[in-house]
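Report on the structure
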Amino acid sequence: MTRLVSSRPLKKAARESESVRELAQQWFAGELITDAVFLAEKLRRQGLSLSFHHLPAHGDELATVTQLPSLLRALGSGAEGVELSIKPSTMGLRVSADLARENLSSVCAAADEHDAFVTLEMQRPEEYAATLELFRAVRADRPHLGVTIPVNVRRAEADCQDLAAEGARVRVCVGSYAVPRALAVRGEHAKARALVRCLRVLMESHAHPMLATHDPRVIAIAQDLAQRNNKGRDDFEFQMMLGVRPLEQRRLVDIGFRARTYIPFGPAWYEYLATRIAARPRTLLSYGRALLDKR
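Residues numbered from 1 in each chain as written. Predicted model: local features only at pLDDT ≥ 70, side-chain atom pairs only at ≥ 80, totals over all residues. Heavy atoms only, no water.

1. Topic: the overall build of the chain
When helices and strands are tallied, the chain shows 13 helices and eight strands. Taken over 295 residues, the chain has a buried fraction of 51%. Considering only intrachain contacts with a sequence separation of at least 6, the fraction spanning at least 24 residues in the chain is 72%. (Helix = DSSP H or I, 4+ residues; strand = E, 2+ residues; numbered from the N terminus. Buried < 20%, exposed > 50% of the residue type's maximum accessible area, 1.4 Å probe, protein only. Contact = heavy atoms within 4.5 Å.)

2. Quick word on the pattern of salt bridges
As enumerated under the stated definition, the model contains 18 salt bridges in all. When the shortest N-O distance is used, the salt bridge between E83 and R169 registers 3.3 Å. Of this pair, E83 sits in strand β2 (residues 83-86) while R169 is found in strand β5 (residues 169-173), placing the two residues 86 residues apart along the sequence. Judged by relative accessible area, which is 0%, E83 ranks as buried. We classify R169 as buried; its relative accessible area is 10%. With a closest N to O distance of 2.9 Å, R136 and E166 form a salt bridge. You can see R136 sitting in helix α7 (residues 128-139) and its partner E166 sitting in the loop between α8 (156-165) and β5, a full 30 residues away along the chain. The class of E166 is partly exposed, set by a relative accessible area of 33%. (Salt bridge = Lys/Arg side-chain N within 4 Å of Asp/Glu carboxyl O.)

3. Remarks on the state of the cysteines
Enumeration according to the criterion identifies zero disulfides in this entry. The thiol sulfur of C198 is not disulfide-bonded, and the nearest other cysteine sulfur, from C160, lies at 3.9 Å. (Disulfide = S-S within 2.5 Å.)

4. Comments concerning the environment of R139
Along the polypeptide, R139 turns up in helix α7. Of the residues examined, R139 reaches a relative accessible area of 18% and is grouped as buried. As a C-alpha pair, R139 and S105 span 34 residues in sequence and 8.7 Å in three-dimensional space. Those residues in contact with R139 that sit more than four places away from it in its chain are L145, E166, G167 and A168. Among the polar contacts listed, one links the side chain of R139 to the backbone oxygen of P143, at a separation of 3.4 Å. In terms of polar contacts, R139 uses its side chain to reach the backbone carbonyl oxygen of E166, at 3.3 Å. (Polar contact = N/O pair within 3.5 Å; in protein donor to acceptor, adjacent residues only side chain to side chain.)

5. Topic: the sheet that holds β2
Spatially, eight strands are ordered β1-β2-β3-β4-β5-β6-β7-β8 in a closed barrel, and the strand pairing comes out parallel. On average, each strand axis in the sheet is inclined to that of its neighbour by 30 degrees, with strand direction left out of account. Sheet topology note: the strand β4 (residues 146-150)/β5 ladder contains five bridges and is parallel. In the strand pairing of β5, V147 is matched with V170. Sheet strands touched by helix α9 (residues 188-203): β5 and β6 (208-212). Its angle to β5, the strand with the most contacts, is close to 165 degrees. Running over the sheet, helix α11 (residues 246-254) touches β7 (237-241) and β8 (259-265) and is turned about 165 degrees from β7. (Pairing = 2+ DSSP bridges. Axes fitted to C-alpha atoms, helices over the stretch in contact; angles between N-to-C directions.)

6. Observations regarding the packing of α7 against α8
With their axes 13 Å apart at the nearest point, α7 and α8 run at an angle of 5 degrees to one another. What the angle tells us is that α7 and α8 run roughly parallel. Contacts from Y128, L132, F135 and R136 of α7 reach α8 at A156, D159, D162 and L163. Residues belonging to the contact of α7 with α8 are distributed by class as follows: five nonpolar, no polar and three charged. (Parallel < 35°, antiparallel > 145°, perpendicular 65-115°, else oblique. Nonpolar A, V, L, I, M, F, W, Y, C, P; charged D, E, K, R; others polar.)

What follows is the structure, encoded as structure tokens:
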């Protein structure tokens, strides 16, 4: 599916189509910082918290190091409480661990100046250990740094126990990267159960859990765990992607929880759209209609 949508002729046609761009903007803010700021103002009026993720152009991944601090400056007072969600590759982890530490520390310093937060994402399974090492190296000086633990990796529950003992900010999610069979939790039901187990570990500690899911069953369990462990609005949060279950995001806010919307922006919007289609193939029908629409 991803190969089809990422084919060069289709990609060229899509980038020239206003209809496809309109479709994609269900899930991303736009290419520019000003687009992200405009959307932020709209979502903030709905009571939602915000998480920004930069989509750098291919070959220019390190642009994220300067783009995210620029975004914070553009947000001004609206940057307070914002989360920056960062892939380790955009900090240079695939170049060297030292470069990644330097760059991530720089972005964290900018976030501290604006009372914002940084959460490190998890990418390919072979980078899992290096990402945790990067997280702990930078968190030694930047205690508000968070990390993402994908529960489709078998070691996730043990890592959540360690991070809970450290009182860390931890985002738990099902995980979107393919994991080798020997290391993987397989099957949707098993992944959901793993997600709940990891969430329970975090909820029963002094950690700050961030639950990244759209699964209504897990959301209901999280509300129960929060009540049982006296976790208030500032003690944990729900996180969902822009354009996915927006009414549920606002419902959670209305009943007193913190719901944070994940907002991608940047030049690689088409590549992001391709991953959304791969994750949710039914989107391809809407994509095809938009591509053929000549209005």
